[in-house]
Amino acid sequence: MILAGIDGGATRTRAALASDDGTIVGFGEAGPSNYDNVGVETARENMRAAVREAWKAVGRPVRPCDGAFLGMAGVVSEQDRETILTIARDIGLAPVRNIEVDHDLRVALAGGLAGSEGLVLIVGTGSSCYGRRANGKHHRTGWGYLLDDLGSGYFLGLQAMIAVIRAADGRGIPTTLSARIRQELKYSHIDEIMRILYHDSHGVTNVAALAPVVLEEAKNGDEAAMSIIERGAEELSLMVATVAKKLDFAPDAPLVIVGGVAEQSAFYRTKIESAIARRVPQCRIQQPQLPPILGAVLLALEGSGHGREVILGKLREYSRLNTKSYWLGNK
């Protein structure tokens, strides 16, 4: 048997193929598959490309897998699940009856805590929090970039642009972000920023790409940039507090934090953890045991009736031997 796990985010899509004892036999990666951001067609082609690359690593022609679990950013409603199922059917991923679809938080938690109950906070291009109890009770935050994504890379980038235009028209304080954002977006006059954002297809990923600039300027002491990351950290801690309360987690509830923005900036990570410690002291932050893509594999294997312990041993060993940055890179 070959089973597939897919972790589809706003920045990239990962696919892993595993034999029924948990041995990873192929891995592939492609562009984003959050169809709220990039549309159904692009999501389909990137998922197809990631799966094709995984089969290429196996050294066999592409064929339907025996089962699959897809953890996809942007999946909230039943209509979302049906859309992803249709995409999976179109690319011939596996028999539809053997495919399960859920949001990317589910696979991040499954990987981070190796299938145990607890909470996960995603801080990547987008942001969200999810908790799940052993009895299956669960709750999440996260409503996409137009309604939510507070504290995310997109949030940091957008707030930087807002700080720059407010400084330019006199409503905001002077900020070193003004010169840095102009350099990043390559405009000569602030009036050009509206065209860049509204007309030149400067999408979610491009806005999120400004996050490192904000973090760097905050670390250098810029007041506006520091205000942005402190607000982001507080909003993220509120997500965790809300989910922990909804699920009645007892003290010492485990929490993992994943996603490229938090993982690639120790400065921001410290701010986030400090905010969580103040607001949710009962949570115990710990390092993820497995990356989200291996969480998807774990759920695919469990969904096919395979025991967890043998699978986990194989997945942990594979993760230990494959420590490249793509395991824990941007969501």
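Above this text is the structure in question.
Residues numbered from 1 in each chain as written. Predicted model: local features only at pLDDT ≥ 70, side-chain atom pairs only at ≥ 80, totals over all residues. Heavy atoms only, no water.

A. How the structure looks around a nonpolar patch on the surface. Together, Val 76, Trp 143, Leu 146 and Leu 147 give the surface a local cluster of nonpolar side chains, amounting to about 500 Å² of exposed area. Mapping Leu 146 onto the fold places it in helix α5 (residues 144–147). (Patch = residues over 30% accessible without salt bridge, like charges linked within 9 Å, V, L, I, M, F, W, Y side chains within 5 Å. Areas by Shrake-Rupley, 256 points an atom, 1.4 Å probe, with all protein chains shown as cover. Salt bridge = Lys/Arg side-chain N within 4 Å of Asp/Glu carboxyl O. Helix = DSSP H or I, 4+ residues; strand = E, 2+ residues; numbered from the N terminus.)

B. Focus on the packing of helix α11 (residues 223–246) against helix α13 (residues 266–279). Between α11 and α13, the shortest axis-to-axis distance is 8 Å and the interhelical angle comes to 45°. Relative to α13, the element α11 lies oblique. In the crossing of α11 with α13, the sense of the turn from one axis to the other is right-handed. Between α11 and α13, the residues in contact are Met 226, Ile 229, Glu 230, Gly 232, Ala 233, Glu 234, Leu 236, Ser 237, Leu 238, Val 240 and Ala 241 and Phe 267, Tyr 268, Lys 271, Ile 272, Ala 275, Ile 276, Arg 278 and Arg 279, respectively. (Axes fitted to C-alpha atoms, helices over the stretch in contact; angles between N-to-C directions. Parallel < 35°, antiparallel > 145°, perpendicular 65-115°, else oblique. Left-handed = near helix turned anticlockwise from the far one by under 90°. Contact = heavy atoms within 4.5 Å.)

C. Focus on the nonpolar core. Residues Leu 121, Val 123, Leu 156, Leu 177, Ile 181, Tyr 268 and Ile 272 are the most contacted members of the largest nonpolar core, which totals 46 residues. Per-element tally for this core: the top contributor is α11, with eleven residues. In this structure Ile 181 touches Ala 160, Val 164, Lys 186, Tyr 187, Leu 210 and Val 213, once residues within four positions along its chain are discounted. Core analysis: the second largest hydrophobic core is formed by 27 residues, Ile 2, Met 47, Ile 91 and Val 101 among them. (Core = buried A, V, L, I, M, F, W, Y, C linked by side-chain atoms within 4.5 Å. Buried < 20%, exposed > 50% of the residue type's maximum accessible area, 1.4 Å probe, protein only.)

D. Representation of the sheet that holds strand β8 (residues 138–140). The sheet built from five strands is open, its strands ordered β8-β7-β6-β9-β10 with mixed pairing. The sheet terminates laterally at β8 and β10 (283–285), the two strands that pair on one side only. Averaged over all neighbouring strand pairs, the angle between strand axes comes to 20°, with direction disregarded. In this sheet, strand β7 (residues 127–132) lies alongside strand β6 (residues 118–123) in antiparallel orientation, the contact comprising six bridges. Its bridge partner lying in β7, Val 120 is registered against Tyr 130. Across the sheet, α11 touches β6, β7, β8, β9 (253–258) and β10, and the angle it forms with β7 is around 20°. (Pairing = 2+ DSSP bridges.)

E. Spotlight on the pattern of salt bridges. Enumeration according to the criterion identifies 21 salt bridges in this entry. A salt bridge links Arg 171 to Asp 169; the shortest N-O distance between them is 2.9 Å. Judged by relative accessible area, Asp 169 falls into the partly exposed class, the value being 45%. For Arg 279, the salt bridge is made with Glu 234, and the minimal N-O distance between the two is 3.1 Å. Remark: Glu 234 occurs in helix α11 and Arg 279 occurs in helix α13; sequence separation between them is 45 residues. Judged by its relative accessible area of 36%, Arg 279 falls in the partly exposed class.

F. Up close: the packing of helix α6 (residues 153–169) against helix α7 (residues 177–185). Relative orientation of the contacting elements α6 and α7 amounts to 120°, with a least axis distance of 9 Å. Along this stretch, α6 crosses α7, giving a crossing that reads as left-handed. Where α6 approaches α7, its residues Ala 160, Met 161, Ala 163, Val 164 and Ala 167 are matched on the opposing element by Leu 177, Ser 178, Ile 181 and Leu 185. Of the residues assigned to the contact of α6 with α7, the class counts are eight nonpolar, one polar and no charged. (Nonpolar A, V, L, I, M, F, W, Y, C, P; charged D, E, K, R; others polar.)

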